[in-house]
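# Structural features, examined
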Amino acid sequence: MKTVGCQPASRQRGIVSVLLVIVMITVVTFVLVQTFVISGTSSSDDSRQPARVGALTLAESGLQVATTRITAGVDGSDGFDSRTNCCIGTTGSCLPPGQRLLVGNDTFEYVSVATEPAGCTSGCYACAVTIRGESGESTRTVKSIYKMSSMAFCKAASNKDCSNQKAPPPVWWLTLPGLSTPPVGIGVFNLAAAGNVGCWSGGCLAAGDLRWQLSDGSRIFGLGNTVPQTTAETSVYQRLSANTDVAQTGALFPGANGKSPTVVGAYADINTTKGNGTTGSTTDGASPDNAASWCYRDGSTPAGDTLILGYSAHAIGTSATGQLKAGEVSFNTIPLDYIAKSPHPTNKAAANTVSSELWYKHNPAYSYGTRIRGSIRNGQPVEGNVTVDFINKAGFCVLNDPSGIVASFQVGDKISTASNQNWFDNNSPTATITTITKSYSGCGGKTYVMTNPVAKSDAKDKIITASLITYIDRELVVEQIIGGAPIAYDGSDSVLVGVAGITNTPKIISYKEKLPDQAVPTPGHEGIYLLDSSPKFLINGILSAKDVASGTPMLIGGAFASAGNTVVSVPKITKAAELPTVGTIVAVRLGNALSMGAFQAGTKVITVDPLNKTFTVDKPIPTALVGAEICGGTCALFDHSTTTTGFRLASSALPSGTDSWVAGFTCLDSAGTPTSLNAAISMGRTWSEVAQ
């Protein structure tokens with residue numbers, strides 16, 4: 001029997017080492033193989049990454065194209081209406097789903113264009129657009145929602161509820177966007193509806209305030225309303241008495257100079273003449289007709305800086321949707337600026353029987369001159385302590401005048417001593433001033449006064465202190481300041497009295513006292529003032545002073561310019577901000593005895609000179625300005641020589657076939673530059689990528 005012996009320990013350890021080496025080689029080999037595989041995969045991904053980014057960029061580009069084309073289709077300017085079928089179109093046609101557009105060697109494709117709610121054919125409120133971008137072997141698909149915020153027209157032949165009586169939701173509408181931070185704007189809307197229709201008995205306006213409502217009784221119905229912005233968007237539409245063709249136009253007027261716009265008033269005009277009736281007129285903007293002082297007003301009421309025309313027309317044939325021509329729509333010969341029209345002339349989805357347009361004119365507000373109501377009183381006493389020196393029998397020097405009454409002396413005034421000191425001949429305490437010499441050398445530079453009767457003999461060479469009374473006929477009582485700047489009482493403000501026959505322009509030289517019913521005296525405002533001369537009236541061929549009755553209109557601190565000149569002097573101003581801005585249209589307000597002179601219609605300021613207190617205009621002044629009240633804003637757009645102001649739609653501006661139109665006006669104050677609300681859509685700030 002053979003004995004098996006054990007292997008030495010050192011030999012066993014050698015075998016284990018070999019096995020370990022084999023295992024390590026295997027592991028390293030596996031790791032290297034996996035590293036090569038991963039590296040190859042990463043390299044492949046890296047090579048495709050630019051293509052993936054390119055595909056996404058192409059899809060985003062497709063959304064931008066869709067935005068442009070859907071927007072154009074909202075008002076029909078590309079010949080289709082994107083609200084009826086969410087059409088992404090080119091001029092006159094739609095791009096069907098599956099349409100591929102080549103961009104270099106790559107493409108993007110409109111995968112689907114769906115209405116929301118699904119299947120709607122009119123008044124769709126949103127479009128869901130899906131677009132796929134392809135670059136090389138990579139594709140990326142994105143989706144976005146386009147919300148329709150307007151449907152500015154309705155064609156009765158294809159829709160049975162153009163009356164909007166079932167609203168909400170409306171069949172046609174415009175959207176006024178919301179704004180959460182002041183100043184908020186205001187929307188102005190104009191409706192044109194065909195035929196003998198009116199407002200629905202259940203209420204006409206869905207929002208806002210009615211500004212005009214007109215009908216010729218058979219062909220056209222026009223309506224205008226204003227809607228202030230709120231924090232939320234507002235659907236603006238009207239409800240009519242019957243189903244008919246309609247078109248609505250809207251514009252958003254933002255605030256200006258930190259203020260929200262306000263409505264000053266409104267006016268309406270109608271033209272029912274068949275054919276191209278081209279002219280109309282409004283009453284003066286400050287007249288009481290058809291809404292008191294409808295466009296500019298006195299006192300604290302806003303003066304207005306923006307005039308808006310809403311035009312509604314009916315036509316026979318295919319041309320009613322033609323647009324009024326720029327430069328041929330004017331107010332008092334001043335061209336108006338176009339804002340918007342509905343429907344667009346190329347819109348095939350809209351009715352061709354009605355047209356609605358908005359036009360406007362902005363003019364910076366300006367006012368120069370203070371309009372008041374008051375009286376001028378004769379023979380009113382002014383008393384004060386004075387010290388005089390009778391340097392000769394003819395007159396006296398004023399040594400001391402703490403009450404300032406001597407500054408108001410005028411030749412013809414009667415003076416007397418309250419203490420009945422007999423200063424004058426015949427032992428009289430009373431005399432009439434015949435001569436006033438200021439800064440007289442014989443008085444050491446003080447005022448020298450001569451009288452009739454002259455000083456009595458024993459008064460000569462005497463210095464007398466007494467309570468002196470002067471009886472003046474030039475006391476101005478300002479009962480009410482209607483509008484304008486505070487009154488200056490340094491001799492710079494002249495006074496024009498609204499009474500026929502006045503031949504001079506007295507100046508205000510001092511503030512005397514408050515009115516009896518005033519709690520606190522307010523110099524520069526209501527109160528009693530002294531004038532440097534008596535207002536003179538021609539009575540029976542003789543210049544005379546007389547009382548001016550309480551409540552008489554007057555103008556203080558007017559402008560001056562000679563006929564044929566272009567430089568206007570405004571001496572009342574104290575700082576550059578009181579001058580009109582360059583480009584402002586100016587007018588002489590009212591054009592009567594209170595405000596003498598005139599500018600040509602549409603006269604504009606071209607330069608201002610604060611140093612010399614003047615401004616220059618672009619047209620020669622036809623009639624000299626004498627104490628004239630100057631206005632800008634909407635006031636300057638009116639014809640102040642008459643009680644009505646004409647507006648004109650030149651015959652070449654009206655589309656052929658127009659057989660009737662109506663027009664409404666409204667005026668705003670503190671309004672900025674308007675934007676049309678007719679072709680508005682909104683797309684979410686983000687889009688989503690569709691999973692592949």
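Structure first, text after, so check above.
Keep in mind that this is a model prediction, so the values were computed, not measured.

### Concerning the environment of Cys 667
- If you trace the backbone, Cys 667 turns up in strand 46 (residues 658-669).
- Measuring from C-alpha to C-alpha, the distance between Cys 667 and Lys 361 comes to 9.7 Å, with 306 residues separating the pair along the chain.
- When near neighbours in sequence (up to four residues on either side) are disregarded, Cys 667 contacts Thr 262, Val 263, Val 264, Gly 265, Trp 294, Cys 295, Thr 306, Leu 307 and Thr 634.

### A few points about the layout of surface pockets
- In this structure, the largest pocket spans a volume of roughly 710 Å³.
- For the largest pocket, the lining is made up of 40 residues, of which Tyr 366, Ser 367, Tyr 368, Gly 484 and Ala 485 are closest to its centre.
- For the lining of the largest pocket, the per-class residue count stands at 17 nonpolar, 14 polar and nine charged.
- If you add up the space inside the second largest pocket, you get close to 290 Å³.
- When its residues are assigned to classes, the lining of the second largest pocket shows five nonpolar, six polar and three charged.

### Observations concerning the state of the cysteines
- Applying the stated criterion across every chain yields a total of five disulfides.
- Two residues, Cys 199 and Cys 204, share a disulfide whose sulfurs are 2.3 Å apart. Measuring handedness by torsion sign, the sulfur bridge of Cys 199 and Cys 204 sits at about -65 degrees and is left-handed.
- Assessed through its relative accessible area of 24%, Cys 199 is described here as partly exposed.
- Here Cys 397 engages in a disulfide with Cys 443; their sulfurs sit 1.8 Å apart. A torsion of -75 degrees about the S-S bond marks the disulfide between Cys 397 and Cys 443 as left-handed. Remark: Cys 443 occurs in the loop between strand 27 (430-440) and strand 28 (446-452) and Cys 397 occurs in strand 25 (residues 395-400); sequence separation between them is 46 residues. In this pair, the class of Cys 397 matches that of Cys 443, namely buried.

### A few points about the sheet that holds strand 30 (residues 475-483)
- If you trace the six strands from one edge of the open sheet to the other, you get 31-36-23-30-33-32, paired in antiparallel fashion. The sheet terminates laterally at strand 31 (495-497) and strand 32 (508-513), the two strands that pair on one side only. Adjacent strand axes in the sheet meet at a mean angle of 40 degrees, parallel and antiparallel pairs treated alike.

### Regarding unusual backbone geometry
- Following Ala 167, the chain continues into Pro 168 via a peptide bond in cis, with omega recorded as 0 degrees.
- Within the fold, Pro 168 resides in the loop between strand 8 (153-154) and strand 9 (173-176).
- Note that the residue after Asn 452, namely Pro 453, is joined by a cis bond; omega there is 0 degrees.
- You can see Pro 453 is positioned in the loop between strand 28 and strand 29 (463-472).
- The residue Lys 613 is not glycine, and still its phi comes out positive at about 55 degrees.

### Quick word on the environment of Arg 219
- Structurally, Arg 219 is set in the loop between strand 11 (209-215) and strand 12 (220-228).
- Residue Arg 219 is classed as buried on the basis of its relative accessible area, which comes to 16%.

### What to know about the sheet that holds strand 44 (residues 630-631)
- Taken in spatial order, the three strands of this open sheet run 22-44-39, and their pairing is antiparallel. Strands with a single pairing partner mark the edges of an open sheet, and in this sheet they are strand 22 (367-368) and strand 39 (587-588).
- Pairing of strand 39 with strand 44, which is carried by two bridges, proceeds in the antiparallel orientation. Each residue of the ladder has a partner; that of Val 588, found in strand 44, is Ile 630.

### A closer look at the pattern of salt bridges
- For the coordinates displayed, the defined rule picks out seven salt bridges.
- A salt bridge links Arg 377 to Glu 475; the nearest nitrogen and oxygen atoms lie 2.5 Å apart. One end of the pair, Arg 377, is in strand 23 (residues 370-377); the other, Glu 475, is in strand 30, and 98 residues separate them in sequence.
- Residue Arg 377 is classed as partly exposed on the basis of its relative accessible area of 32%.
- Residue classification places Glu 475 among the buried residues on the basis of a relative accessible area of 0%.
- The salt bridge partner of Lys 393 is Asp 425, with a shortest N-O separation of 3.8 Å. On the criterion of sequence distance, the pair formed by Lys 393 in the loop between strand 24 (380-389) and strand 25 and Asp 425 in the loop between strand 26 (414-417) and strand 27 is long-range, its members being 32 residues apart.
- For Asp 425, a relative accessible area of 21% puts it in the partly exposed group.
- Salt bridges sharing partners connect three or more residues here, namely Arg 377, Glu 475, Lys 512 and Glu 513.

### Re the side chain of Thr 451
- With respect to the element layout, Thr 451 can be found in strand 28.
- A polar contact of 2.8 Å, which involves the side chain of Thr 451, links it to the backbone oxygen of Pro 453.
- When near neighbours in sequence (up to four residues on either side) are disregarded, Thr 451 contacts Ala 394, Phe 396, Ile 415, Phe 424, Ala 431, Thr 432, Ile 433 and Thr 434.

What counts and how
Residues numbered from 1 in each chain as written. Predicted model: local features only at pLDDT ≥ 70, side-chain atom pairs only at ≥ 80, totals over all residues. Heavy atoms only, no water. Helix = DSSP H or I, 4+ residues; strand = E, 2+ residues; numbered from the N terminus. Contact = heavy atoms within 4.5 Å. 1 Å grid on protein atoms, 1.4 Å probe; cavity = no way out; pocket = protein on both sides within 12 Å on 5 of 7 lines; lining within 4 Å. Points joined across faces, edges and corners; volume = space filled by probe spheres on them. Nonpolar A, V, L, I, M, F, W, Y, C, P; charged D, E, K, R; others polar. Disulfide = S-S within 2.5 Å. Buried < 20%, exposed > 50% of the residue type's maximum accessible area, 1.4 Å probe, protein only. Pairing = 2+ DSSP bridges. Axes fitted to C-alpha atoms, helices over the stretch in contact; angles between N-to-C directions. Salt bridge = Lys/Arg side-chain N within 4 Å of Asp/Glu carboxyl O. Polar contact = N/O pair within 3.5 Å; in protein donor to acceptor, adjacent residues only side chain to side chain.

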